[in-house]
Structures are given as structure tokens and as C-alpha cells.
Amino acid sequence: MKEYWTSLASLLGVFAFCQSLMQSIIPPELRFAFLKLFNRTFHLFSSYCYFDITELEGVNTNELYNAVQLYLSTSVSIAGNRLSLTRAVNSSSITFGLSNNDSIVDTFNNATVLWEHVVTQRQTQTFAWRPLPEEKRGFTLRIKKRDKTLILNSYLDYIVEKANEIRRKNQDRLLYTNTRGGSLDSRGHPWESVPFKHPSTFETLAMDPTKKQEIMDDLKDFVLGQMFYQKTGRAWKRGYLLYGPPGTGKSSMIAAMANYLGYDIYDLELTEVHSNSELRKLLMKTSSKSIIVIEDIDCSINLTNRNKSSGLKADHQNLRIGSETRIGSGSGEESGNGNTITLSGLLNFTDGLWSCCGSERIFVFTTNHIEKLDPALLRSGRMDMHVCMSYCDFPSLKILLRNYLGYEEEDVGDDVLKEMERVVEKAEMTPADVSEALIRNRRDKEKAVRELLVELKSRWERNVKGGKLRGQSGNLRELEIVEEEEKRAIDSQNEDGDNVEDETELEDNACKD
């Protein structure tokens with residue numbers, strides 16, 4: 001063993017002598033090649049192996065370089081002595097990074113690695129369509145040879161995953177809308193974006209806490225369910241339908257979902273989409289980890305429930321050729337010019353093969369009139385979770401009092417609270433109406449509570465006199481009517497499916513005859 005180390009020391013001495021000789025004898029244009037050969041020879045006797053990750057591959061950016069840079073920023077901010085500071089586009093936070101030719105040690109699964117940020121001057125450039133930076137940047141990863149399998153199989157994937165997570169946290173969320181008439185922006189994208197600054201959260205959302213927790217749990221299960229969706233053979237997406245009267249917080253719910261997940265929002269305006277192919281192209285240009293929203297779907301397009309024909313055969317044809325139901329013209333008439341999208345196109349957009357061209361995406365539809373939607377849109381796989389956004393109840397009222405007045409339950413008199421609890425649900429005020437009543441008098445909190453109670457009583461009395469509540473004329477409340485209409489819409493879908501089966505059976509019998 002002693003002889004081995006003696007030989008190695010002698011060899012290193014020879015290499016050092018050759019390197020000094022190279023500086024005085026070897027021409028400059030050959031030094032780089034000689035140094036490269038020297039390094040390779042030295043590495044044969046070393047217990048380490050090295051990997052270079054350059055900033056550019058040809059003229060294209062190396063995504064792994066950007067991922068390493070982001071990943072190391074979390075460790076550098078703590079351990080580094082000399083740091084570089086950057087701030088990316090659409091980001092409100094500053095990112096720390098390694099300075100030129102600096103290094104840092106990292107640990108992964110008990111394996112220690114060394115990262116070095118190498119910056120050198122680029123040699124004289126040849127002609128290129130895209131000028132290259134004057135500096136050549138890259139990271140050199142040094143690992144022990146025994147850890148090579150572990151690092152290459154797991155560590156680099158871990159870095160990319162962590163970098164994406166850091167990027168989402170650092171980058172401001174964006175709100176996208178499709179451009180008018182399907183035109184492209186300067187970068188060739190069909191979406192225009194602005195920073196998304198909506199402050200709504202589940203904590204401030206005026207909604208029953210139990211229902212909110214159910215939605216949050218469902219979202220959390222979706223985000224953590226990648227392996228589950230792969231195991232079951234399902235596309236990693238989920239659909240939500242938010243329905244209820246205007247002013248009940250459907251848009252605020254979407255903003256709270258985006259802030260909770262850290263997702264971008266794509267607000268799809270269907271009236272600006274001219275064909276099914278254009279709709280598919282828009283879907284292809286959306287990013288993963290995003291929420292695709294179609295608001296007021298019953299108002300923006302003609303997506304009413306398909307009329308049932310008088311005969312069984314006609315009914316069967318309506319169900320089979322749903323692709324001929326035109327959307328966007330408002331008349332429901334067929335047209336062969338291809339300037340409108342079809343119901344079939346929208347269904348494929350949400351649940352067809354093209355809906356799988358990305359991952360971890362959420363589709364959200366909102367409507368004030370669920371009974372107007374075609375039953376095919378309501379089924380699971382397209383609108384998986386139906387969320388009824390109701391009028392303000394007592395738990396929602398307490399949330400609004402805390403949001404706008406800073407009042408907790410003990411800050412309001414017991415008699416006032418009991419009276420509010422008695423009349424709030426029968427008053428059928430939306431959270432938007434309650435919020436406006438509190439905003440008007442937010443400088444005088446006691447006055448705000450008094451006037452809100454007066455407004456609640458006034459609406460309650462008006463509803464009772466008008467026979468709007470159950471018990472006066474036997475009618476259902478408006479919200480209960482909406483829920484009943486949803487059940488009828490789903491039942492209608494099942495009945496139509498039975499009719500199709502009956503028609504198919506009749507056709508089979510006719511063929512046998």
C-alpha cells in the first residue's frame with residue numbers, strides 16, 4: 001500500500017512538471033487540449049467523478065442549469081459568503097446564487113456532493129445566427145464514484161422537482177386570457193397575461209367552514225395524487241362546477257383555489273374561440289399546475305340543454321351527434337362554415353384525449369342556472385365536484401364581520417348575535433350584499449352592525465310576505481330550487497342514456513328480422 005501512494009505522488013509530480021512545462025513551451029492554441037488530457041488522466045486515479053452542466057447547449061438554454069441554479073439558491077442563502085442576487089421576470093422575490101467560480105457542498109441521502117459555479121471567458125466566436133454570451137457559464141458536480149448510481153437516478157430528478165417548487169413560490173401568479181379572434185402575441189402565444197393579485201383566500205371566503213374544509217381536502221388530495229392517478233389510469237386533472245345565485249362568491253372561490261395551490265389561472269372566453277381546433281390549440285398552450293376557468297358558461301355561449309325530439313329515433317340521433325350542436329351563435333342552428341365550436345368540442349376539451357396533453361390541471365365552470373346546462377357536461381370526469389354557492393348563513397356572516405370590522409363573536413352582543421342567527425338564512429342575502437352593508441359603515445363598527453341587522457330583518461319580512469319561504473305558500477327557497485334542478489338535470493342524463501339503450505335494442509331486433 002505504501003508503494004502505491006509513493007507511485008501516485010511521483011505521478012502527480014510528473015503531471016505538475018508537465019503543466020508548468022506547458023505554460024512555457026506549448027503554444028496557447030494547444031494548451032486547452034493538453035489541459036483537458038491532463039484532467040482526464042488525473043481523474044482515472046481519483047475516487048471522484050465529475051459532471052459538467054453548461055448554461056447553453058448549442059444555442060438553446062439548458063433547463064437543468066436553471067434548475068440547479070434555483071435549487072442551490074436555498075442553500076447558498078444560508079451557507080454562502082459571497083452571493084449573487086437576481087430577480088426573475090414576474091417575480092417579486094430576490095433569488096440568491098453562487099458567485100463566479102465559487103463552490104458549495106450539498107448532501108442527498110447521506111451522499112456528499114460538491115457544486116462549483118464555473119465562469120470563463122468564451123473564445124472568439126464563429127458566425128452564428130444567435131450571438132452567444134461573452135462568458136461561458138456552467139456548474140461542475142463532483143461526486144464519489146460509489147455514489148454515481150444514486151446521484152444520476154434520484155438526485156437530479158429531485159433537483160428539478162425542488163426547482164419547480166421554488167419557481168412557483170417565487171414567481172407571481174399570472175392571470176391569462178385568450179386573445180381576441182385567436183391572434184398570437186409577439187412570442188407566438190394565444191394567451192395574454194397580467195399579474196394575478198387577487199387577495200382572496202379560504203380563510204377570508206364567506207362560506208360554511210365544513211364545506212370549505214371539504215373543498216380544501218379535495219384540492220390537497222388532487223395535488224398529492226400523481227401516483228394515484230397513474231395507478232388508476234386516469235388523466236391528472238379534476239373538474240369543479242360552482243353554481244348558485246349571483247354574488248355568492250364564485251369568482252372569489254376560484255381566486256382562493258389559485259392562491260391555495262399556487263396555480264396560474266387561464267380565463268377562457270369561449271365567445272372568442274371560432275372552432276374546435278382553435279379550442280384544442282388553446283388547451284395545448286396552457287401550462288401544468290394551472291386552473292382553466294369558464295365563467296358564466298350559461299351566459300357566454302348557447303350551451304342549453306339539448307331539446308328532446310318527439311320520437312325515440314330523433315332522441316337517439318340528438319344524443320349520438322352531439323358534435324352538431326353548435327355553440328357561440330346563440331341560435332343553436334347548424335352551420336357548415338366551421339366558425340363556431342360544438343358541444344362535442346367542449347366535451348373533448350374537458351374530458352377527451354386532448355385534455356391529457358398536460359398534467360395537474362383543474363377545470364372550473366361557474367353558472368347561475370345549472371338547469372340550463374347540458375347533462376353531458378355535469379357528469380363525473382368533466383365536472384367531478386359540484387359546489388353550491390349559497391346565500392349567507394350564520395357561519396358565513398361571522399366570517400364577514402371578522403373580515404370587515406375585525407369583530408370576533410364575543411365582540412358582538414349576545415342579543416344581536418341571536419337575532420342575526422334567527423333571521424340571516426331567511427333573509428337570503430348574498431355575501432356580496434352583506435359585505436357592501438359593512439363597507440358603507442366600516443368607520444363606525446357599531447352602526448355597521450345595527451344597519452346590517454335592520455337590512456336582514458327587512459329582507460326576511462319581505463320574503464315572508466311574498467311567500468318565498470317554505471311554510472308560507474309551500475314553495476322552496478331559491479337555493480333549494482337550484483339544488484332540485486341539478487338533481488333533475490342529472491336524472492335527465494340517466495333517462496336519456498336508457499332511451500339510447502332501448503333504441504339500440506330496437507335497431508338490433510330490426511336487423512335480426
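A brief report on the enclosed structure follows. (Residues numbered from 1 in each chain as written. Predicted model: local features only at pLDDT ≥ 70, side-chain atom pairs only at ≥ 80, totals over all residues. Heavy atoms only, no water.)

On to the overall build of the chain, then. Counting secondary structure elements, the chain contains 17 helices and 17 strands. Expressed as a percentage of the 513 residues in the chain, the buried residues total 38%. When contacts within the chain are restricted to residue pairs at least 6 apart in sequence, those whose partners lie at least 24 apart make up 68%. Only carbon and sulfur atoms are counted for the fraction: they give 50% of the accessible area of the chain, which is about 29300 Å². (Helix = DSSP H or I, 4+ residues; strand = E, 2+ residues; numbered from the N terminus. Buried < 20%, exposed > 50% of the residue type's maximum accessible area, 1.4 Å probe, protein only. Contact = heavy atoms within 4.5 Å. Areas by Shrake-Rupley, 256 points an atom, 1.4 Å probe, with all protein chains shown as cover.)

Here we come to helix α16 (residues 445-465). Spanning 21 residues, α16 covers 30 Å between terminal C-alpha atoms, matching the ideal 30 Å at 1.5 Å per step. Regarding α16, the residues found buried are Ala-448, Val-449, Leu-452, Leu-453, Leu-456, Arg-459, Trp-460 and Asn-463. Take α16 and look down its axis: the buried residues cluster within an arc of 130°, on one side only. What points out from α16, more than 90 degrees from its buried face, is the exposed set Glu-446, Val-454 and Lys-465. Contacts made by the buried residues of α16 are with α13 (394-405), α14 (414-427) and α15 (431-440). (Expected span 1.5 Å × (residues − 1). Arc of directions from axis to C-beta.)

We now examine the sheet that holds strand β8 (residues 135-144). Pairing within the open sheet is antiparallel, and its four strands lie in the order β1-β8-β7-β6. With one partner strand each, in any of the chains shown, β1 (48-54) and β6 (103-108) form the two edges of the open sheet. The sheet shows a mean angle of 25° between the axes of neighbouring strands, direction not considered. Summarising the sheet, β1 and β8 pair through seven bridges and their orientation is antiparallel. Within β8, the residue paired with Cys-49 across the bridge is Ile-143. (Pairing = 2+ DSSP bridges. Axes fitted to C-alpha atoms, helices over the stretch in contact; angles between N-to-C directions.)

Bringing the packing of α13 against α14 into the picture now. The interhelical angle for the contact between α13 and α14, taken along N-to-C directions, is 130°, at an axis separation of 9 Å. If you check the angle between α13 and α14, you find them oblique. Between α13 and α14 the crossing geometry is right-handed. Here α13 contributes Phe-394, Leu-397 and Leu-401 to the contact with α14, which in turn contributes Leu-417, Met-420, Glu-421 and Val-424. (Parallel < 35°, antiparallel > 145°, perpendicular 65-115°, else oblique. Left-handed = near helix turned anticlockwise from the far one by under 90°.)

The next subject is the sheet that holds strand β9 (residues 174-178). Strand order in the open sheet formed by seven strands is β10-β9-β12-β13-β16-β11-β17, with mixed pairing between adjacent strands. Each edge of the sheet is formed by a strand with only one pairing partner; in this case those strands are β10 (191-195) and β17 (385-388). Adjacent strand axes in the sheet meet at a mean angle of 20°, parallel and antiparallel pairs treated alike. Pairing of strand β11 (residues 237-243) with β17 involves four bridges; the strand directions are parallel. Bridge pairing in β17 links Tyr-243 to Cys-388.

Any functional reading would require information that these geometric values do not contain.
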